[in-house]
Amino acid sequence: MKVNHAEIVISAVSPEQYPKTPLPEIALAGRSNVGKSSFINTLIDRKGLARTSSKPGKTQTLNFYLIEEALHFVDVPGYGYAKVSKTERAKWGEMIETYLTQREQMKAVVSVIDMRHDPTADDIQMYQFLKYYKIPVIVVATKADKIPRGKWNKHESAIKKNLNFDPSDDFIVFSSETKTGKEEAWRAIEKYL
């Protein structure tokens, strides 16, 4: 998809605040600092629409981005960030769960994982949660540029094994630096629109 128009339309914390449109939504989930904002910015060819932050745990709302008047990307708060209180984390968890399990417009989740490391317990839990609720998942392994190309398969296998990856899901090796995986990501997303 060639993106000429993209804007953030609302930061929501509850269903009453979600956009009142029938447009399909693609959610992005991943732990803090895994590269969700960079992923969004790369897909839409913008530098700073989705704010990247050196402070993990910055996104505390569901951020709805309108893309080409055709769909919304929904950036959900990063999980697994320690500096947030348990109560705060529980609130986020509830907000995310409500959105993922009850929003009809939500068509698939892009589960963003750092390719350099084995998936965290939170990554695995998120993947199992999505599988349990039969929510379509696109696993995107970011920061591929930080790993020698010859080791990609090894890292991909380790991630898939840890996740107990379902081969019917999409798995995309991605780098916002080199734009590797950009076309594949769009193709995977467009299947759900």
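To keep things clear, this report deals only with the structure shown in the data block.

1. Comments concerning the pattern of salt bridges
With the rule as written, the count across this model stands at 11 salt bridges. For Asp114, the salt bridge is made with Arg116, and the minimal N-O distance between the two is 2.8 Å. Since its relative accessible area comes to 4%, Asp114 is described here as buried. For the salt bridge of Asp170 with Lys191, the shortest nitrogen-to-oxygen distance reads 2.9 Å.

2. Some points on the environment of Ile10
Structurally, the position occupied by Ile10 is in strand S1 (residues 6-12). Classification of Ile10 by relative accessible area gives partly exposed; the value is 28%. With 39 residues separating them in the primary sequence, Ile10 and Leu49 have C-alpha atoms 13 Å apart. In this structure, Ile10 is in contact with Gln17, Pro19, Leu62, Asn63 and Phe64, ignoring residues within four places of it in sequence.

3. Regarding the packing of helix H2 (residues 86-102) against helix H3 (residues 121-132)
Contact pair H2 / H3: the axes reach a minimum separation of 11 Å and the direction vectors enclose 35 degrees. The element H2 and its partner H3 pack so that their crossing is right-handed. For the pair H2 and H3, the contacting residues are Ile96, Glu97, Leu100 and Thr101 in the first and Met126, Phe129 and Leu130 in the second. Here the residues of the contact of H2 with H3 are counted per class, giving five nonpolar, one polar and one charged.

4. A short note on the packing of aromatic side chains
Applying the stated criterion across every chain, the model contains nine aromatic pairs. Ring centres 5.7 Å apart and planes at 25 degrees place the aromatic pair Phe73 and Trp186 in the stacked group. Separated by 113 residues along the polypeptide, Phe73 in strand S4 (residues 71-75) and Trp186 in helix H5 (residues 182-190) bring together distant segments of the chain. Assigned by exposure class, Phe73 and Trp186 land together as buried. Ring pairing ties together the aromatic residues Tyr18, Phe64 and Tyr99, which thus form one cluster.

5. Considering the packing of helix H1 (residues 36-43) against H5
Contact geometry for H1 and H5: axes closest at 10 Å, N-to-C directions at 90 degrees. Our classification of the angle between H1 and H5 gives roughly perpendicular. Judged by residue contacts, Phe39, Thr42 and Leu43 of H1 engage Lys182, Ala185, Trp186 and Ile189 from H5. Residues that form the contact of H1 with H5 fall into these classes: five nonpolar, one polar and one charged.

6. Quick look at the nonpolar core
If you look at the biggest cluster of nonpolar residues, it comprises 35 residues, and the most contacted ones within it are Tyr99 and Leu100. Breaking this core down by element, the ones donating at least two residues are strand S2 (25-30), strand S3 (62-67), H2, strand S5 (106-114), H3, strand S6 (137-142), helix H4 (152-163) and strand S7 (170-173). Among residues more than four places away in sequence, those in contact with Leu100 are Ala27, Met106, Val109, Met126, Phe129, Leu130 and Ile135. Within the second largest apolar cluster, 26 residues are counted, among which are Ile26, Leu28, Ile40 and Ile138.

7. As for the side chain of Asp170
By the element assignment, Asp170 lies in strand S7. Within polar-contact distance, the side chain of Asp170 engages the side chain of Lys191 at 2.9 Å. Each residue touching Asp170, except ones within four places of it in the same chain, is listed here: Val137, Ile138, Val139, Phe165, Ala188, Lys191 and Tyr192.

Calculation criteria
- Residues numbered from 1 in each chain as written.
- Predicted model: local features only at pLDDT ≥ 70, side-chain atom pairs only at ≥ 80, totals over all residues.
- Heavy atoms only, no water.
- Salt bridge = Lys/Arg side-chain N within 4 Å of Asp/Glu carboxyl O.
- Buried < 20%, exposed > 50% of the residue type's maximum accessible area, 1.4 Å probe, protein only.
- Helix = DSSP H or I, 4+ residues; strand = E, 2+ residues; numbered from the N terminus.
- Contact = heavy atoms within 4.5 Å.
- Axes fitted to C-alpha atoms, helices over the stretch in contact; angles between N-to-C directions.
- Left-handed = near helix turned anticlockwise from the far one by under 90°.
- Nonpolar A, V, L, I, M, F, W, Y, C, P; charged D, E, K, R; others polar.
- Phe/Tyr/Trp six-rings, centres within 6.5 Å; stacked < 30°, edge-to-face > 60°.
- Parallel < 35°, antiparallel > 145°, perpendicular 65-115°, else oblique.
- Core = buried A, V, L, I, M, F, W, Y, C linked by side-chain atoms within 4.5 Å.
- Polar contact = N/O pair within 3.5 Å; in protein donor to acceptor, adjacent residues only side chain to side chain.

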